[in-house]
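# Per-entry structural report
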Amino acid sequence: MRLRLRSGALATGCLLAEALGVALFLRGFFPLPVRSLPRGEARAEPPAEPAPPGPGIVSNWTKIPPPLFKKVVIVLIDALRDDFVFGSKGKQFMPYTTQVIEKGTSYSFIAEAKPPTVTMPRIKALMTGSIPGFIDVVVNLNSPALMSDNLIWQAKAAGKRIIFYGDDTWVKLFPKHFVEYDGTTSFFVSDFTEVDDNVTRHLDRVLKREDWDLLILHYLGLDHIGHMTGPNSPLVGPKLREMDNVLKKIHISLLSKEGEASLPSLLVVCGDHGMSETGSHGGSSEGEVHTPLLFISSAFEKRSGPLTQLELVQQTDLASTLAVGLGLPISRNNVGNIILPVVGSKTMREQLRFLHMNGFQLSTLLQENTPAYEKDLGYEQFKIAEKSHGNWIKLYLEGNNSEILLNLGKKVLKQYLEALRTLSSSLSKQVAQYDMYSMMVGTVIIMENLGASSSSWSEVDVLILAGTIGHVLSLGASSFIEEEHQTWYFLINTLCLALCQELCRNHFLLKECDLQLGTTMKQNFDSIGAAPECKNIDVQAASNSKLGKAASSAESVKGSDKWISLASPWIILICCRLLRSLNQTGVQWAHRPDFGHWLTSSEHKSELSVLAAVSLLMIFVLVQRRCSLVSKIAMALGLLGVYSYRAAIGNVVFPWQHDSKDISKGITEARFVYVFVLGIVFTGTKDLLKSQVISADSHMKSTGLWEVYSGLVLLSALLFRPHNLPVLVFCLLIQTMMTKYIWRPLKFDAAQITIMHYWFGQAFFYFQGNSNGIATVDVSAGFVGLESYVEIPAIFLTAFATYAGPLLWAIHLLCYLSSEVSRNSAAVGHGCFCYALMRSIPVALYIVLVTGLRYHLFIWSVFSPKLLYEGVHVFITAAVCLFFTAMDQNHSQKVQD
């Protein structure tokens, strides 16, 4: 098939313009959540009690009720799943906490966190009672000061003294709010102990003092263990036991300081989010959104036995509950409800007062964000409850102490609770307003560039894209997004079967006359390609008719190579099937055990070590064949350093290593590998610059590209977890087999080869264990070799590790097209154009789909994370195409000359 394509430079320009369109669309699609007045205007007087009906009776209670607790300690354990406390792990590793839950003075709940389940948005939800915008998952890496009304600001404005130790995200969100603080970075995930020791070391001193009202502790070690080794790691138990001892120390200290005349203290234990089965978070699986919420205080009645059924509350409910507990106004942006059992020890009048304040705040927020608020069911229910409350106050002020007063009070409580739930639901659904102007401008830019790119494709050329277009159209259903990996697995399996058919036809259905005719046709094409006026024609692409291709195949494939060529598609199919068993991804089958889980369990460390060593050896064998001697040595030493790094942090073991004690944190070993990565990439870049600037040496250019590619392979080997090294091995093996035994014998043109690279790149994105959920992003890769959190390297390394599959296949495409001596230099531009088009079509159509589905039930849990992945992929592809265009400059200059 001959595909007439425009230049790569045009494609790159279109893709850069499309990246601008995507940025504009994302700006409109991920807007700010509903907002009330700025916090400086938020300290308004609380509402008075509802006016009793009839003349002569007036309630004069207009002040905020007094606080319920003298001191409040909030212990936030990052990534604390509900089953870590309420399940078997809690009974085994947290005995004191379990005893307090079952027989102490406490209330226990499961708090549901809304996606995105990452730290910064969850802290906002806990302290403001609002649902942060989904885009907060991006700014999570650099948290700006929180300007909206929140519990911390209200407490400081009321003169309360707040102390904080832990994740420095709090210090960034609430600058100058703490009278004392010590922040530790939350992003250095290789640290399991120092981040927590830095919090606990302050406890003994602070608990003896009386000069504070609110103490906040944010522990990070459990989250870091999850990121590095998963929720079933043997390190989880000791960390939970450590947290149990911390809670015991705090609880006993608070009880010892309570006197009969003073108010009781309150200990709150919670998690900002949970943890997926792979140890990450950010998505909407049950393990990520369900966290424990414990209220422990002598003000509560003592429990009589084990818990039977835990009540599900919203994470946003904590802010309003703590506000009334501390005698503070409820935050104006709060969408949560007061958790009634926490204030259940107060009188009926006080309970009704609390719920009326909560309902008044929610209805005010609804008025500020909904023009037709009076028709809202929650608003109508609140007004009915308020009227009933007024009737209750009339009876109360008249001195009625009969059963009628009690029953009416219970009825009003029930009405308020129903109204609060409905109001909260209405506000949560209106959490964001789309910026349709930005979305439409971005969509227009994207569609215009798509039209400019694709106008030269013929009807036959479009057929080869049918699989990709069908995949994009399938993204209109949430289940196809969650299980998108299945689509790509199906496409590459189908591609392998098609390649098998093509190889069989060329090897077995070829007649002698076809060979002779094909050879003649090839000679004619060669003479055409030699003509000066046809300089820009991809000669092999032009001769790619069935006969010409068959003849070339017969000449190229002889002897044993013929049978290896025929077996190649089947070997690739076997490799792909093995990779599918390595990492379960998606949603429906993600919970099922896979080979990766088996390898990463502590009892199989020896097997993992052997597999990692064999994989690193195979990587060297497969990648070194085109490298210079110096680069081969650097590659060998670098791969040895990769194993040493993994052994240092305890993932694998050396044969002579008899105990599990870590050699080091792996900082030195990882940096040792980085030196060789930079050395290999520098060597390749030097050759590329020589070929581009000094002399147009195609061999030097090809060598330089392969050097850069091998350096990226070494970097991938360092960042991949040990059980994922076979993914890298099979990637290199499939590339090698397809290059030698499929693409060259069948003489595919640049466009066809580009599409195959793109498809396999997408499949390998999922083979790594990635998905369209944020939870599968391996953030631990961003901290390999770093002693502390450094933003730019961490972001780069995380992005590279996530998109290693598509990136390695894209760079291999450039290496292949540049190294094929039988192709003219226009093939690189053709490949660049086709690659850009393959990325543009999914983004353009998906943005149209998302715009139409913006009010879908799963827009924030399913469609939005996928949109972020697509946006990042566009920017990465634009960078790759820029590299393609730079490598195509020799050709452009020759044409101009």
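Residues numbered from 1 in each chain as written. Predicted model: local features only at pLDDT ≥ 70, side-chain atom pairs only at ≥ 80, totals over all residues. Heavy atoms only, no water.

Next up on the list: the nonpolar core. Ranked by internal contacts, the top residues of the largest apolar core, which has 148 residues, are Ile250, Ile619 and Phe760. Of the residues forming this core, the biggest block, 13 residues, is contributed by helix 33 (residues 750-767). Residues within four places of isoleucine 250 in sequence aside, it is in contact with Val73, Val75, Leu203, Leu207, Leu217 and Leu267. Judged by nonpolar contacts, the second largest core, of 67 residues, contains Phe178, Val324, Ile393 and Leu413. (Core = buried A, V, L, I, M, F, W, Y, C linked by side-chain atoms within 4.5 Å. Buried < 20%, exposed > 50% of the residue type's maximum accessible area, 1.4 Å probe, protein only. Helix = DSSP H or I, 4+ residues; strand = E, 2+ residues; numbered from the N terminus. Contact = heavy atoms within 4.5 Å.)

Applying the stated criterion across every chain, the model contains 20 salt bridges. Among the salt bridges present, the one from glutamate 180 reaches arginine 205, with a minimum N-O distance of 3.3 Å. Note that glutamate 180 is positioned in strand 4 (residues 180-184) and arginine 205 in helix 10 (residues 203-207), a separation of 25 residues in sequence. Arginine 205 sits in the partly exposed class, given a relative accessible area of 39%. Notably, a salt bridge pairs glutamate 418 with arginine 421, separated by 3.2 Å at the nearest N-O pair. With glutamate 418 and arginine 421 both in helix 17 (residues 403-429) and three residues apart, this pair spans about one turn of that helix. A relative accessible area of 36% means that glutamate 418 is categorised as partly exposed. Accessibility expressed as a relative area gives 47% for arginine 421, which makes it partly exposed. (Salt bridge = Lys/Arg side-chain N within 4 Å of Asp/Glu carboxyl O.)

Moving on, we come to unusual backbone geometry. One can expect most non-glycine residues to show negative phi and most peptide bonds to be in trans. With a phi close to 70°, alanine 79 is a non-glycine residue in the positive phi region. The backbone phi angle of lysine 176 is positive, close to 65°, even though this residue is not glycine. Here lysine 176 lies in the loop between helix 8 (169-173) and strand 4. Since its relative accessible area comes to 79%, lysine 176 is described here as exposed.

Spatial ordering of the open sheet is given by 4-3-5-1-6-7-2-8, a layout of eight strands whose pairing is mixed. Unpaired on one side and paired on the other, strand 4 and strand 8 (311-314) mark the two borders of the sheet. Strand after strand, the sheet turns through a mean of 20° between neighbouring axes, direction not considered. Here five bridges tie strand 1 (residues 72-77) to strand 6 (residues 266-270), and the two strands are oriented parallel to one another. (Pairing = 2+ DSSP bridges. Axes fitted to C-alpha atoms, helices over the stretch in contact; angles between N-to-C directions.)

The interhelical angle for the contact between helix 35 (residues 804-819) and helix 37 (residues 859-887), taken along N-to-C directions, is 15°, at an axis separation of 11 Å. Classified by the interaxial angle, the pair formed by helix 35 and helix 37 is roughly parallel. Handedness of the helix 35/helix 37 crossing: right-handed. Together, Pro806, Leu807, Ala810, Ile811, Leu813 and Leu814 of helix 35 and His873, Ile876, Val880, Phe883, Phe884 and Met887 of helix 37 make up the contact between the two elements. Considered class by class, the residues forming the contact of helix 35 with helix 37 number 11 nonpolar, one polar and no charged. (Parallel < 35°, antiparallel > 145°, perpendicular 65-115°, else oblique. Left-handed = near helix turned anticlockwise from the far one by under 90°. Nonpolar A, V, L, I, M, F, W, Y, C, P; charged D, E, K, R; others polar.)

This paragraph deals with a nonpolar patch on the surface. A surface patch of nonpolar side chains, about 490 Å² in accessible area, is lined by Leu629, Ile633, Leu637, Leu640 and Phe672. The biggest single contributor to the nonpolar patch is helix 29 (residues 629-648), with four residues. With respect to the helices and strands, isoleucine 633 occurs in helix 29. The class for isoleucine 633 is partly exposed, based on a relative accessible area of 47%. (Patch = residues over 30% accessible without salt bridge, like charges linked within 9 Å, V, L, I, M, F, W, Y side chains within 5 Å. Areas by Shrake-Rupley, 256 points an atom, 1.4 Å probe, with all protein chains shown as cover.)

Here we come to the pairing of strand 1. It is a general feature of regular strands that their side chains alternate between the two faces of the sheet. The buried fraction of strand 1 is high, at six of six residues. Where strand 1 meets strand 5 (residues 214-219), six bridges bridge the pair, whose relative direction is parallel. Within strand 5, the position partnered with leucine 76 by the bridge is histidine 218.

Attention now goes to the pairing of strand 3 (residues 162-167). Most of strand 3 sits inside the fold, with six of its six residues counted as buried. Of the pairings in the sheet, the one linking strand 3 to strand 5 comprises five bridges and is parallel in character. Looking at the pairing, isoleucine 163 lines up with leucine 215 of strand 5. When strand 3 meets strand 4, the two strands line up parallel, connected through five bridges. Within the sheet, the bridge partner assigned to glycine 166 lies in strand 4 and is glycine 183.

Taken as a whole, this structure holds 24 aromatic pairs when the rule is applied. Seen from their ring centres, tryptophan 170 and phenylalanine 174 are 5.9 Å apart, and the 45° between their planes marks the pair as tilted. With relative accessibility at 0%, the residue tryptophan 170 sits in the buried group. An aromatic cluster is present here, built from Tyr489, Phe760, Phe764, Phe767 and Trp809 joined pairwise through their rings. Its guanidinium or amino end placed over the ring of tryptophan 61, arginine 353 lies 5.4 Å from that ring's centre, counting from NZ or CZ. Geometry around tryptophan 706 places arginine 625 over its ring, the cationic atom sitting 5.7 Å from the centre. (Phe/Tyr/Trp six-rings, centres within 6.5 Å; stacked < 30°, edge-to-face > 60°. Lys NZ or Arg CZ within 6 Å of the ring centre and 35° of its normal.)

Bringing the environment of isoleucine 225 into the picture now. Tracing the backbone shows isoleucine 225 in helix 11 (residues 221-229). Overall, the relative accessible area of 2% leaves isoleucine 225 in the buried class. When the C-alpha atoms of isoleucine 225 and alanine 79 are compared, they prove to be 9.6 Å apart, with 146 residues separating the residues in sequence. Apart from residues no more than four positions distant in its own chain, isoleucine 225 is found in contact with Phe192, Gly230, Ser233, Leu235, Val236 and Lys239.

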